[in-house]
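# Secondary and tertiary structure notes
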2 protein chains.
Amino acid sequence: MKIDVYFTPAQIDELQLREKNVVVIDVLRAGTSIAAALSNGAKEVIPVDTVEAAVKLSGSLFGDVVLLGGERMGKIIQGFHLGNSPLEYLKESVKGKSIVYTTTNGSLAIMKARYARSLVLASFVNIGRVVEYLKEGKQDTILVCAGSRNAAGGFSLEDAVCAGMIIHRLKKFELTEVELSDSGVAALTLYRSIGKNISKLLVESEPGRYLAAIGFKADLKICAAVDSIPVLPVLRGSVLKLQPGTESSV
Amino acid sequence: MKIDVYFTPAQIDELQLREKNVVVIDVLRAGTSIAAALSNGAKEVIPVDTVEAAVKLSGSLFGDVVLLGGERMGKIIQGFHLGNSPLEYLKESVKGKSIVYTTTNGSLAIMKARYARSLVLASFVNIGRVVEYLKEGKQDTILVCAGSRNAAGGFSLEDAVCAGMIIHRLKKFELTEVELSDSGVAALTLYRSIGKNISKLLVESEPGRYLAAIGFKADLKICAAVDSIPVLPVLRGSVLKLQPGTESSV
């Protein structure tokens, strides 16, 4: 199987990935928070790209089963029920709910890749499930890092290292022949060089320092907990749901 | 000094870099070929983004002092005098000439960054001169990798490693305090992990394999020869010239 890595979704044309299998990676924090929400019994997460679209869509759904979630500049959006901290997506808040969800990078990356043949969502908390899924499917796959819209030309170190960890784990299965693009080589190299301590990586990263500064230091520990939320969020039509059979035992 | 790295110029807005100091990096092959051309006595290199613009511009210049150079898909463009191999930019061809120049990635990256406060061009062949220049200026700088338009979401491994080598050398000067963005950390990590053998890196890279397949294997050795063409191409207005005092002794 061929594995390619996009370090940013910025230059993806919406139709470009139509025949591709895609894994969208967003460590801080959408990938983690959506895994938490679905693991805690949310019915579905509906990613949208703008606050306006989120408000409009939520208005057309039944009020008692829908929640608005997401962030701008890392903070909860005015009038929304939930921000973007995985600690907010608890069972008592989200069970049975549809969550209309918009974030700066993660939901945008999902929107850009939504016409892909398949799309699953990855972060460190569910990386084992994602690797298992890729190993079973043996399909050529593009790992799309949600990246950052604001800094460093779209690059996000923690997403790149997560892509590298996926590749590293895939290559450990000797039955799987993995052919890497140059960006795949780069991601693997980054993981092997600086991916030993994910917690430290997140704490020292630019978004990690920003999140700590605005009061979300505790999130970094959650987001660094490898394989702590072993679920597989997949995009079906325009909503993210758990792959049947991959629900957590909550 | 702060060093940031953009792994692709794709999402640069043309005016975004106006107050920034920029180093454009294109190892395969524009950065190398332009260094060769200027080192071999070309008066100037005029980067343009399209073949049409190149033809139009060259028509408005005096025929005997202007050459058309560049590539599409790695190959010489029909009607052009020179392709994009550094081996074509010899003294007997280019001395005293203005070269109107268009390539898929390199000249495009220069065009995108042309409103920067300062712009110099780097590749392995002139990396020492670039580092010396940065060290003297001590200015915050963005290293913009020309990258690839066709594959891997714009990422180019050899440009990223070259960025990392620039950072590595800057950090060796203990008088220079270097503050890195996350992408800077990534570039430095890539250089330190897989930058020991540049020749091997280029031969095994995606563009390197492509260039070898279309008959430009010899170029890879030229492009891998660290500090072999110690000149500093700088953008003045819309043309690249050698920084006074950095001409080679040719």
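We now turn to the structure provided with this report. Every value quoted in this text rests on a predicted model; they were computed, and no experiment measured them.

### Quick word on the interface of chain B and chain A
Between chain B and chain A, the contact holds 27 residues from the first and 27 residues from the second. At the boundary of chain B with chain A, total buried surface from both sides reaches about 1900 Å², with 63% on carbon and sulfur atoms. On the surface where chain B and chain A come into contact, there are 0 salt bridges. The interface formed by chain B and chain A includes 3 residue pairs in polar contact (both at pLDDT 80 or more). Of all elements in the fold, only strand E1 (2-6), helix H6 (157-172), helix H7 (182-194) and helix H9 (206-213) of chain B reach the threshold of two or more residues within the side of chain B that touches chain A.

### Considerations on the relation of the copies chain B and chain A
Superposition of chain B onto chain A requires a rotation of 180 degrees combined with a translation of 0.0 Å along the rotation axis, giving an RMSD of 0.0 Å. Both copies of the chain, as the preceding transformation shows, are related through a two-fold rotation axis. Mapped onto chain A, 100% of the interface residues of chain B are again interface residues, and the two copies thus contact each other with one and the same surface.

### Quick look at the packing of aromatic side chains
Under the defined criterion, the tally for this structure stands at 6 aromatic pairs over all chains. With a centroid separation of 4.8 Å and an interplanar angle of 70 degrees, the aromatic rings of Phe7(A) and Phe155(B) are classed as edge-to-face. Within this pair, whereas Phe7(A) is found in the loop between strand E1 (2-6) and strand E2 (21-25), its partner Phe155(B) is found in the loop between strand E7 (141-145) and H6, the two belonging to separate chains. We note that Phe7(A), like Phe155(B), is buried. Clustering of aromatic rings is evident, with ring pairs tying together Phe7(A), Phe155(A), Phe7(B) and Phe155(B). Its guanidinium or amino end placed over the ring of Phe216(A), Arg29(A) lies 4.5 Å from that ring's centre, counting from NZ or CZ. Taking NZ or CZ as reference, Lys196(B) lies 5.3 Å from the ring centre of Tyr191(B), over its face.

### As for the packing of helix H5 (residues 127-137) of chain B against H6(B)
Residues and elements named next belong to chain B. Where H5 contacts H6, the axes come no closer than 10 Å and their chain directions differ by 50 degrees. Of the possible angle classes, the one that applies to H5 and H6 is oblique. Helix-helix and strand crossings are classified by hand; for H5 and H6 the assignment is right-handed. Across the interface between the two elements, Ile 127, Gly 128, Val 130, Val 131, Leu 134 and Lys 135 of H5 pack against Cys 162, Met 165, Ile 166, Arg 169 and Leu 170 of H6. Per-class residue counts for the contact of H5 with H6 are 8 nonpolar, 1 polar and 2 charged.

### Re empty space enclosed by the protein
Using the criterion set out here, one finds 2 cavities of 30 Å³ or more in the structure. The volume enclosed by the second largest cavity comes to roughly 30 Å³. In the lining of the second largest cavity, the residues fall into 4 nonpolar, 2 polar and 1 charged.

### A look at the nonpolar core
With 87 residues, the main nonpolar core has Ile166(A) and Ile166(B) as its most contacted residues. Setting aside anything within four residues of it in sequence, one finds Ile166(B) in contact with Val23(B), Ile25(B), Ala122(B), Ile127(B), Val130(B), Val131(B), Leu134(B) and Leu143(B).

### Comments concerning the pairing of strand E6 (residues 118-122) of chain B
Residue and element names in this part refer to chain B. With 5 of 5 residues buried, E6 is to be regarded as a mostly interior element. With burial as the criterion, each face of E6 is covered, one bearing Ser 118, Val 120 and Ala 122 and the other bearing Leu 119 and Leu 121. With 5 bridges joining them, strand E2 (residues 21-25) and E6 adopt parallel strand pairing. Counted as the bridge partner of Val 24 is Leu 121 from E6.

### Side note on unusual backbone geometry
Following Leu28(A), the chain continues into Arg29(A) via a peptide bond in cis, with omega recorded as 0 degrees. When you line up the elements, Arg29(A) lands in the loop between E2 and helix H1 (30-39). Within the chain, Asp227(A) stands out as a residue other than glycine whose phi angle is a positive 65 degrees. Along the polypeptide, Asp227(A) turns up in the loop between helix H10 (217-224) and strand E10 (233-236). Although it is not a glycine, Met73(B) sits at a positive phi angle of roughly 55 degrees. Relative to the assigned elements, Met73(B) resides in the loop between strand E4 (66-70) and helix H3 (91-94).

### Things to note about the environment of Ser199(B)
The topology assignment puts Ser199(B) in helix H8 (residues 198-204). Note: C-alpha distance between Ser199(B) and Arg236(B) (37 residues apart in sequence) is 32 Å.

About the criteria used
Numbers given for residues are sequential positions, taken from 1 along each chain in its written order. Both sets of labels track the order of writing: A upward for chains, 1 upward for ligands. It should be noted that, the model being predicted, local features are given only for residues of pLDDT at least 70 and side-chain atom pairs only at 80 or more, the latter also being counted only at that level, while totals for whole chains, interfaces and linings use all residues. To obtain the side-chain values, all non-hydrogen atoms of the structure were included, while hydrogens and water were left out. Any two residues having at least one pair of non-hydrogen atoms within 4.5 Å are treated as being in contact. As used here, buried area is the combined drop in accessible area, with a 1.4 Å probe, of two parts when they are placed together. When a carboxyl oxygen of Asp or Glu is within 4 Å of a side-chain nitrogen of Lys or Arg, the pair counts as a salt bridge. Within 3.5 Å is the distance limit for a polar contact, defined as a pair of N or O atoms, with the added protein rule that one can donate a hydrogen and the other accept it, and that residues adjacent in sequence qualify only through two side-chain atoms. Secondary structure elements are defined from DSSP: runs of H or I of at least 4 residues count as helices, runs of E of at least 2 residues count as strands, and each element is numbered from the N terminus. We superpose the copies by least squares over the C-alpha atoms of residues that have a pLDDT of at least 70 in both of them. Ring geometry is summarised as follows: Phe, Tyr and Trp rings, the Trp one being its six-membered ring, pair when their centres sit within 6.5 Å, and such pairs are stacked at plane angles under 30 degrees, edge-to-face over 60 and tilted between the two. Relative accessible area decides the class of each residue, using a 1.4 Å probe on protein chains only: under 20% of the type maximum gives buried, over 50% gives exposed, and in between gives partly exposed. When the NZ atom of lysine or the CZ atom of arginine is within 6 Å of a ring's centre and also within 35 degrees of its normal, the charge is said to sit over that ring. Inter-axis angles, ranging from 0 to 180 degrees, are taken between N-to-C directions of lines fitted to C-alpha atoms, where helices are fitted over the stretch in contact. Each angle receives one of four descriptions, namely roughly parallel if under 35 degrees, roughly antiparallel if over 145, roughly perpendicular if within 65 to 115, and oblique otherwise. Left-handed describes a crossing in which the near helix is turned anticlockwise from the far one by less than a right angle; the clockwise case is right-handed. Side-chain classes follow a simple rule in which Ala, Val, Leu, Ile, Met, Phe, Trp, Tyr, Cys and Pro form the nonpolar group, Asp, Glu, Lys and Arg form the charged group, and the remainder, Gly included, forms the polar group. Put simply, the grid is 1 Å and covers the protein atoms alone, a cavity is a trapped set of points that fit a 1.4 Å probe, a pocket is an open set with protein on both sides within 12 Å along at least five of seven lines, and lining residues have an atom within 4 Å of a point. Grid points are joined across faces, edges and corners, and a volume is the space filled by probe spheres set on the points. Only buried Ala, Val, Leu, Ile, Met, Phe, Trp, Tyr and Cys residues count toward a nonpolar core, and they belong to the same one when joined by side-chain atoms within 4.5 Å. The rule for pairing is simple: two strands pair if DSSP sees at least two bridges between them.

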